[in-house]
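Structural characterization, general
What follows is each chain in one-letter form.
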Amino acid sequence: MGGRMKQSLAQTDRHPWLRVIVGRCGSGKSTIAKQLMADWRASGGGPIFAVDPVATEPPGELHVASEADVWSYEMVEELPDNTALVVVDEADLYCAQADAYRRPLPPLHALIRRRRHKGVSLLLLSQRGCLISRSAWSLADEIIILSTTDARDLKEIEKLPGVTKEDVARVGAMSEPGIALIWSPREVTRN
């Protein structure tokens, strides 16, 4: 992981935040998420709850659940007591675009919209960024975009303010894990 990327990821002291990590399988999503979780823990950020539908029992070192205090295969209606950070792997399963308009809101959609009131930070990971609801994209404090070549995912990335066609082409050409385009409402960091 490059120095500039590490510096950006280390800024976890602003609570609560919403980060989204998208990229193909093997692009480094879990590695980056586990680093963010370790940084969270080192800064005294509070208990971590993970939703990891593909984890083994017990979670192996490749799964984000291995770094959590409590984890589940599915998104739960009520978070465990004192949860301060929720990490959701395969987030597109729990906050799909079509679900964003249901009433009542599915649990993850409700948490995305009300996280600040609940004092909970969120970290969402997905191989299929185009399937995650627009509310997750639009409310994100930071989106970490790793290698992806799917045309629908690239089209979603191109909609982000400040992202250029050249940026999208670079994302499609990335082949090394951990290389990323980091988007925030303030700036686009190209690593």
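Small disclaimer: the values here were computed from a predicted structure and weren't measured. (Residues numbered from 1 in each chain as written. Predicted model: local features only at pLDDT ≥ 70, side-chain atom pairs only at ≥ 80, totals over all residues. Heavy atoms only, no water.)

**What to know about helix α5 (residues 151-158)**
By the burial criterion, the buried members of α5 are Asp153, Leu154, Glu156 and Ile157. Down the axis of α5, the buried side of the element spans an arc of 155°, and every buried residue falls inside it. Facing away from the buried surface of α5 by more than 90 degrees, the exposed residues are Ala151 and Lys155. Its buried side turned inward, α5 meets α4 (134-139), β6 (142-145) and α6 (165-173). Between a side-chain oxygen at the N-terminus of α5 and the backbone nitrogen of Arg152 the separation is 2.9 Å; the capping residue is Asp150. (Buried < 20%, exposed > 50% of the residue type's maximum accessible area, 1.4 Å probe, protein only. Helix = DSSP H or I, 4+ residues; strand = E, 2+ residues; numbered from the N terminus. Arc of directions from axis to C-beta. Contact = heavy atoms within 4.5 Å. Polar contact = N/O pair within 3.5 Å; in protein donor to acceptor, adjacent residues only side chain to side chain.)

**A closer look at the packing of aromatic side chains**
Under the defined criterion, the tally for this structure stands at 2 aromatic pairs. Where Trp17 meets Trp40, the ring centres are 5.8 Å apart and the plane angle is 85°; that geometry is what we call edge-to-face. Here Trp17, found in the loop between α1 (3-9) and β1 (18-22), pairs with Trp40, found in helix α2 (residues 29-42); they are 23 residues apart in sequence, far enough to count as distant. Relative accessible area serves as the criterion here: at 4%, Trp17 is assigned to the buried category. Measuring from ring centre to ring centre gives 4.8 Å for Trp71 and Tyr73, while their planes differ by 80°; the resulting arrangement is edge-to-face. The cationic tip of Arg19 hangs over the ring face of Trp17; the distance from NZ or CZ to the ring centre is 4.5 Å. (Phe/Tyr/Trp six-rings, centres within 6.5 Å; stacked < 30°, edge-to-face > 60°. Lys NZ or Arg CZ within 6 Å of the ring centre and 35° of its normal.)

**Observations concerning the nonpolar core**
For soluble globular proteins, the rule of thumb is that nonpolar side chains tend to be buried together. Counting residues in each nonpolar core, the largest one holds 33 residues, and the members touching the most others are Val88, Leu108 and Leu124. With residues up to four places along the chain from it excluded, the contact list for Val88 reads Val51, Met75, Tyr94, Leu108, Leu123, Leu124 and Leu125. In this structure, Val87, Ile144, Leu146 and Ile182 belong to the second largest nonpolar core, which totals 20 residues. (Core = buried A, V, L, I, M, F, W, Y, C linked by side-chain atoms within 4.5 Å.)

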